[in-house]
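Chains, contacts and geometry: an overview
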Amino acid sequence: MIRTLRAVDFRCFSSLALEIPEGGALFTGDNAQGKTSILEAVCVLVRLHSPRTRKLPAMCRMGGAGGFGIAGEAWEQERRVRWQRAFDLTVDGESRESGGGYLADGGLIVWMGNEDLELVRGSAETRRHYLDFIGSQVEPGYRTALARYRRALKAKNLLLKDPRPREDEIRSYEEVMISEGTLLVEARTRLVDLISPRAAISQREVSGKDEVLGLEYRPAGGHDLRLALEQARERERRQRQSFVGPHRDDLLLSINGLPAGEFASEGQQRTLALALKLAQGEALAAVRGNLPVYLIDDVFGELDPGRRNAVMRVLPAAAQKWITTTHLGWLDESAALGEMARFAVKAGHIATA
Ligand SMILES: Nc1ncnc2c1ncn2[C@@H]1O[C@H](COP(=O)(O)OP(=O)(O)OP(=O)(O)O)[C@@H](O)[C@H]1O
């Protein structure tokens, strides 16, 4: 878990210093005061990644020196991230030369935010990312298989666009796609088996109703990628595009047997997105043997008070939670929140609430 967080010139904060108890913290404040930025800083400190942007300069405080720094004690290591055109990373005072080296012994986090609604409403790509994120954390070899598959796919697509495609070369890239793609399909099948029952329970608990959640993994090339590629060969050559393989997979989501993106109410869709993230957290905890830190960014606004309080109850009691919300009037104070600090956030300043 995370004990301290410090930041300099990050988003709207010229400087920020927090001590967080085991249970976590609740951050309240009006819109545009800096609540999300605090959670984003944690995400960058732990995973070198922001769920809001891929553009690192966007995180440097406007009017600052053109860089940012974030540091803190996370999982008993003192981590420090500095960025100014490039990363400067240290763990316990030792420099880490690469992002991979920095991340190798970092902790686990689960980000829950309103943008998760895209998991239900958005394209299949969002759901593939969701699976890939879990796969990379819990399946040995997943990240490597994905990288090799993507490289081979890119090369094949380039060759298909060539006015005189070289069939031998295309076939050799297809061999890589078949071997790595088969690993991905097998791993994604296992992941969906791991997540499904957990997500289904969360859906019922958060909704407080008998909402039956269905997750169905749909591999675009079926379970026999070689056969699927053979069958698609003519069409792929004609249209100069790759149509089959894990880059076209989807995860079909349904509630009470109906496709969730088209039929579920907004509240049900939001609950489903939360259920997927709660399942992600449980899957990470089950396989890796330690609890992730939950970063929960203002997901409550659009849920009815029953569902809001149910989310609080369903979150693992022992996990550290960092929660932002515009107000706490709805919170059932009798819920076992554990020891959580409370802060009020106003115009880039934080005060104990
Ligand atoms: N690089 C930056 N430098 C300075 N300010 C920034 C930067 N990026 C964003 N901001 C501003 O920081 C403020 C806080 O943004 P943040 O998203 O953290 O607010 P929030 O409290 O989570 O709001 P909401 O409740 O609306 O989600 C906003 O006014 C935003 O425009």
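Scoring rules and cut-offs
Residues numbered from 1 in each chain as written. Predicted model: local features only at pLDDT ≥ 70, side-chain atom pairs only at ≥ 80, totals over all residues. Heavy atoms only, no water. UniProt positions renumbered as here; feature names shortened; annotations may be inferred. Helix = DSSP H or I, 4+ residues; strand = E, 2+ residues; numbered from the N terminus. Rg over C-alpha atoms; globule rule 2.2 N^0.38 Å. Buried < 20%, exposed > 50% of the residue type's maximum accessible area, 1.4 Å probe, protein only. Contact = heavy atoms within 4.5 Å. Areas by Shrake-Rupley, 256 points an atom, 1.4 Å probe, with all protein chains shown as cover. Lys, Arg positive; Asp, Glu negative; His and termini not counted. Charge placed at Lys NZ, Arg CZ, Asp CG, Glu CD. 1 Å grid on protein atoms, 1.4 Å probe; cavity = no way out; pocket = protein on both sides within 12 Å on 5 of 7 lines; lining within 4 Å. Points joined across faces, edges and corners; volume = space filled by probe spheres on them. Nonpolar A, V, L, I, M, F, W, Y, C, P; charged D, E, K, R; others polar. Domains from an automatic or database assignment. Pairing = 2+ DSSP bridges. Axes fitted to C-alpha atoms, helices over the stretch in contact; angles between N-to-C directions. Near = heavy atom within 4 Å. Polar contact = N/O pair within 3.5 Å; in protein donor to acceptor, adjacent residues only side chain to side chain. Buried area = accessible area lost by both parts, 1.4 Å probe. Core = buried A, V, L, I, M, F, W, Y, C linked by side-chain atoms within 4.5 Å.

You'll find the chain entered in an unreviewed UniProt entry as DNA replication and repair protein RecF, with Luteolibacter flavescens given as the organism. Quoted straight from UniProt, the Subcellular location (unreviewed entry) entry for the chain says "Cytoplasm". The Function (unreviewed entry) comment attached to the chain in UniProt states, word for word, "The RecF protein is involved in DNA metabolism; it is required for DNA replication and normal SOS inducibility. RecF binds preferentially to single-stranded, linear DNA. It also seems to bind ATP."

Quick look at the overall build of the chain now. Scanning the chain from terminus to terminus reveals 10 helices and 15 strands. Here the chain has a C-alpha radius of gyration of 22 Å; the compact-globule value for 353 residues is 20 Å, and the two agree. Taking the principal axes of the C-alpha coordinates as reference, the chain spans close to 65 × 50 × 35 Å. Expressed as a percentage of the 353 residues in the chain, the buried residues total 53%. The long-range share in the chain, meaning contacts at least 24 apart out of those at least 6 apart in sequence, stands at 70%. In the structure as shown, the chain presents an accessible area of about 16,500 Å², 49% of it carried by carbon and sulfur atoms. Averaging the coordinates of the 49 positive side-chain charges in the chain and doing the same for the 48 negative ones gives two points 5 Å apart.

Time to look at the layout of surface pockets. One simple way to see leftover space: roll a probe sized like a water molecule over the atoms. Each pocket or cavity is described by its volume, and for the largest pocket that value is around 1,200 Å³. In terms of lining residues, the largest pocket is bounded by 27 residues, among which His 49, Arg 54, His 129, Tyr 130 and Phe 133 are the most central. The set of elements that each furnish at least two residues to the lining of the largest pocket consists of helix H1 (35-47), strand S8 (109-113), helix H3 (118-121), helix H4 (124-138), helix H5 (142-161) and helix H9 (266-288). For the lining of the largest pocket, the element with the highest residue contribution is H4, accounting for 7 residues. Counted by class, the lining of the largest pocket contains 9 nonpolar, 8 polar and 10 charged residues. In this structure, the lining of the largest pocket is formed jointly by two domains, domain 1 (1-108 + 291-353) and domain 2 (114-289), each of which donates at least three residues. A volume near 280 Å³ is recorded for the second largest pocket. Along its surface, the second largest pocket is lined by 16 residues, and Lys 35, Thr 36, Ser 37, Arg 52 and Asp 297 are the ones closest to its centre.

What the 6 strands build is an open sheet, ordered S2-S1-S4-S5-S6-S7; its pairing is antiparallel. With partners counted over all chains shown, the strands left at the sheet margins are strand S2 (13-19) and strand S7 (94-96), one partner each. Looking at each pair of strands side by side, their axes are set apart by 15° on average, direction ignored. When strand S5 (residues 77-84) meets strand S6 (residues 86-91), the two strands line up antiparallel, connected through 6 bridges. Across the sheet, residue Val 81 finds its bridge partner in S6, namely Leu 89. Docked against the sheet, H1 engages strand S1 (4-10), S2, strand S4 (68-74) and S5, running at close to 105° with respect to S1.

Here we come to the site of the ligand. Near the ligand you find 15 residues, and of these Ala 32, Lys 35, Thr 36, Ser 37 and Arg 52 are the closest. In the model, an oxygen atom of the ligand is placed 2.5 Å from a nitrogen or oxygen of the Ser 37 side chain. Between Ala 58 and the ligand, the recorded distance is 2.9 Å, taken from a backbone N or O atom to a nitrogen atom. Within the complex, the protein chains bury 73% of what would otherwise be the 660 Å² of accessible surface of the ligand.

Segmenting the chain into domains produces domain 1 (1-108 + 291-353) and domain 2 (114-289). Once you take the C-alpha centre of each, domain 1 and domain 2 turn out to be 28 Å apart. On the side of domain 2, 20 residues touch domain 1, which itself brings 16 residues to the contact. Each partner contributes to the roughly 1,600 Å² buried at the junction of domain 1 and domain 2, and carbon and sulfur atoms together form 61% of this total.

The next thing to look at is the side chain of Arg 233. Counting through the fold element by element, Arg 233 comes out in helix H7 (residues 225-239). Note on Arg 233: relative accessible area 17%, which makes it buried.

Time to look at the nonpolar core. Counting 57 residues, the largest nonpolar core has Met 112, Tyr 130, Ile 195 and Leu 215 as its most contacted members. The biggest single contributor to this core is helix H6 (residues 167-207), with 10 residues. Both domains that furnish three or more residues to this core are identified here as domain 1 (1-108 + 291-353) and domain 2 (114-289). With residues up to four places along the chain from it excluded, the contact list for Leu 215 reads Val 192, Ile 195, Ser 196, Ala 199, Leu 251, Leu 252, Leu 253 and Leu 276. Residues Leu 48, Tyr 102, Ile 109 and Leu 295 belong to the second largest nonpolar core, which totals 37 residues.

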